[in-house]
Amino acid sequence: MRLTVAQALVRFLAQQYVERDGVEHRFFGGCFGIFGHGNVAGVGEALYEHPDLLTYYQGHNEQGMVHAAVGYARMRNRLGTLACTTSIGPGATNMVTGAALATVNRLPVLLLPGDVFASRRPDPVLQQLEDPSAGDVSVNDCFRPVSRYFDRIWRPEQLVPAALQAMRVLVNQAETGAVTLALPQDVQTEAYDFPEGFLEKRVWHVPRPLPDQHSLAQAVAVIRSARRPLVVAGGGLIYSEASEALLVFCERTGIPVAETQAGKGSMPYDHRSALGAIGVTGTFAANRMAADADVVIGIGTRWSDFTTASKTAFRAGRVRFVNVNIADFDAAKQAGVGLVGDARATLERLTVLLDGWHVDDAYRAEAARLNAEWDAEVGRLYNLGHAPLPAQSEVIGAVNDAAGPHDVVVCAAGAMPGDLHKLWRTRDPKGYHVEYGFSCMGYEIAGGLGVKLAAPERGVYVLVGDGSYLMLPGELVTAVQEGVNLTIILVDNHGHNSIGSLSRSLGTDGFGTLFRLRRDGSLGLDSERPEDILPLDFVANAASLGARAVRAGTIAELRSALDEAKTAGGTTVIVIEVDRYEGVPGYESWWDVAVSEVSDAPAVRTAREEYEAARGDERSFV
Ligand SMILES: Cc1ncc(C[n+]2csc(CCOP(=O)(O)OP(=O)(O)O)c2C)c(N)n1
Ligand SMILES: [Mg+2]
C-alpha cells in the first residue's frame, strides 16, 4: 500500500496489541504531540488524515508528554503506552529527560522526534546542530544513551525493520525503556509501497518465563537454611501482577515483606507480614528486620542506594541474597542466587518447592508486632496537630483519608516521596505511584495525567512541591483540556526544602534552597525574614491555567477542600502551606552523600568526620 512513512507508522502503531495470560490489549493508547516544522507535515499530516487510528493529545511541554506516557505505561503494568511526536531541535531534546526517566524506571515509551533533512538539501535548517567533523550527527544522538533502542529512519523502507525492532524492545519485560525512532522531516513525507503484512494486526505475546531448575534448587536450599528471611518487593513484582502470589507465598512461609518505592503496594499496609518501606526512606519495622536478615529475597528490584541504604541496610555477617528478576542484569546484583524469570510464575513455583517449610512462630510474631508498632507511628504523624502551620505528614494523612481504596497517589521529587514511602497506607497494588528511579521534578502533574488516562475509573491524587510545580505546570492545561479530573495538592514550603534539610545536615546551612528576594548588599540569598520570602500566589497561577484552585490554611480546610474536589469535577489544585522545619524523621538508616574533604566551614568539617565514620558501615557483597 502506497503511504508516506508517517502514514505507515501511524497505521502500524494502531495495529499493535499485547497479550499476557490470554488477555489482549491495544498497546498504544494514543499519541501526544507538539508540532513544529520537523513533524507538522509528516506525522502531523498522518494523524490529521486518520484521527480515528490514534487519539491525539496536545502536550504543552515535550518532557511533560513523555512523563504522561510513563505514567500511563506504569499504570498499565508495561502492557501499554503512548507515543510522543515532536519537531526537531529543542522540541526533540526536551524529551531527553523523559527518555532517561523511562529507561531508568524500565517503562516503555515510544519517542518520535523529528530530525534534520536526510537529503541535506536545505542545510542547515532552522534548529539544526552542525558538527563540522560528523555529517550524520544531529541533536537526536543525545537519545542514544538514554534509549533501549534507537534508530534513525534515513530511507522509507527502513521503517519496516525499525518499527518491528522498536516493538520487540517495548514489549520485552527485561529490555524495555525508552525507544526512539528519529524521523528526518523529509523522510516522514516520502511515499513507499509498504507490504500489507506490515500494516496488519499484530499481537505480541508477553511470556512468564521460569528460572532454570538448577538455580531454583539452589535458591530453595538457601531459603530453607534461613532463620530470619526477608522479602524485598520491587516494581517488577507489581508489573508482573504478582501481589496475590506474594500473599500466598508469605502466608505459607511466614516470610515478612519490605517494599521499595516502586514496589510499595505489593502488600496491603495492614497485613501482619507487611513491614512497609525499606532503606533510606524506610520504616523502623523494615529497617530493623533488614539489619538482622540472613537471607534476603529481592523480587523485581534493581537494588538502588535508597533501597540498600547505600549498602548499609543488611548487616548480618553471612547474609545471602536470592534475586527474582526478569532481567539477568538485576538478578546478578548483591552476588545473589539469580532466579531469572517472571515474578509471579517464579513465586508460585517457589511456594510449591518450599511446601511445608516456614519460619518459626516467634519470627512471624515479631513481624506482626513491628507492623502494629509502625502503624501506631503513622497514626501519630498523621495527627500531630502542629501549629500554626501544619506538618507535611498531616497533609499525607488527610489525603490518605480522602482517597478511596483503589485511588492512586502520584509524586516524584522533594521531601514528599520519602514521607509517602514511609507513611502512605496502601490498599491496592496500583494505589501508590511515586517515580523514584529518576525522581524527576516536574513529573508529578504530567505523570498523574498519564495515570488518569490509563485508569479513568480511579481517583488520582497528585502531591507536588512548590519547586516541582514551578518546573513543569504546563500539563495542568492538558488535564483541563482533556477533561481529566486530577486532584492536585500543592505543598508550599517556600523552596526546595528537602535539599535545604540535606544541606543543613551537611553543614551548608540550606544555601540556595529558599525562594527569597535578593536584597542590596547580600552575597547569598540568605535572609529568612518573612518579608524576604517570595510572595508566590499559586492559587492565582493554577486558576489562570483553568483549574479550580483553592487555598487550605489548616488540615480541617484541606479535608473539606478534598471533599469538595470529589463532587466539583474537573481538575482541582489545593494549595497548602506547611512548616518546612517539621519533617518526618529517618528511621535507623543512612544515605551516602559525599561531603567536602576540606572546607573553611567548621560545620562542613564536622559533617565530613561523621560521613567518614558512617561510610565504614558500607558493605560490598561479592
Ligand atoms: C529536575 C530536577 N532537578 C533537580 C532535582 C534535585 N532536587 C531534588 S528535590 C529538589 C527540591 C524539590 O522542591 P519541592 O518540589 O518544592 O519539594 P520540597 O523539597 O520542598 O519538598 C531538588 C532541587 C531533581 N530531583 N529533579
Ligand atoms: Mg518546596
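Residues numbered from 1 in each chain as written. Chains lettered and ligands numbered in written order. Predicted model: local features only at pLDDT ≥ 70, side-chain atom pairs only at ≥ 80, totals over all residues. Heavy atoms only, no water.

Caption draft 1: Examining the site of ligand 1 more closely. Of all residues adjacent to ligand 1, which total 15 residues, the nearest are Ser439, Asp466, Gly467, Gly495 and Ser498. Taking Gly495, its main chain carries an N or O atom lying 2.8 Å from an oxygen atom of ligand 1. Notes on ligand 1: free accessible area 580 Å², of which the protein chains cover 76%. Broken down by element, the residue count for the shell around ligand 1 peaks at four residues, all from helix H20 (residues 466–471). Among the residues forming the shell around ligand 1, the class breakdown is four nonpolar, ten polar and one charged. (Near = heavy atom within 4 Å. Polar contact = N/O pair within 3.5 Å; in protein donor to acceptor, adjacent residues only side chain to side chain. Areas by Shrake-Rupley, 256 points an atom, 1.4 Å probe, with all protein chains shown as cover. Helix = DSSP H or I, 4+ residues; strand = E, 2+ residues; numbered from the N terminus. Nonpolar A, V, L, I, M, F, W, Y, C, P; charged D, E, K, R; others polar.)

Caption draft 2: How the structure looks around the sheet that holds strand E20 (residues 460–465). Strand order in this open sheet of six strands is E19-E18-E20-E21-E23-E22, and the pairing throughout is parallel. The sheet is open, and its two borders are formed by strand E19 (432–434) and strand E22 (548–552), each paired with just one other strand. Between one strand axis and the next, the sheet turns through 20° on average, direction left out of account. Both strand E18 (residues 408–411) and E19 contribute to a ladder of three bridges, which runs parallel. If you follow Val409 over to E19, its bridge partner there is Tyr432. Contacts from helix H24 (residues 555–568) reach E20, strand E21 (487–492), E22 and strand E23 (572–577), with the element oriented near 160° to E22. (Pairing = 2+ DSSP bridges. Axes fitted to C-alpha atoms, helices over the stretch in contact; angles between N-to-C directions. Contact = heavy atoms within 4.5 Å.)

Caption draft 3: Structural view of the sheet that holds strand E15 (residues 295–299). The sheet built from six strands is open, its strands ordered E14-E13-E12-E15-E16-E17 with parallel pairing. Lying at the two open borders of the sheet, with one neighbouring strand each, are strand E14 (274–277) and strand E17 (337–340). Neighbour-to-neighbour, the strand axes of this sheet turn through a mean angle of 20°, independent of strand direction. Pairing geometry for strand E16 (residues 320–325) and E17, over four bridges, is parallel. Residue Asn323 lies in a different strand from E17, and its bridge partner there is Gly338. Helix-sheet contacts for helix H9 (residues 213–224) involve E15, E16 and E17, and the interaxial angle to E17 is about 130°.

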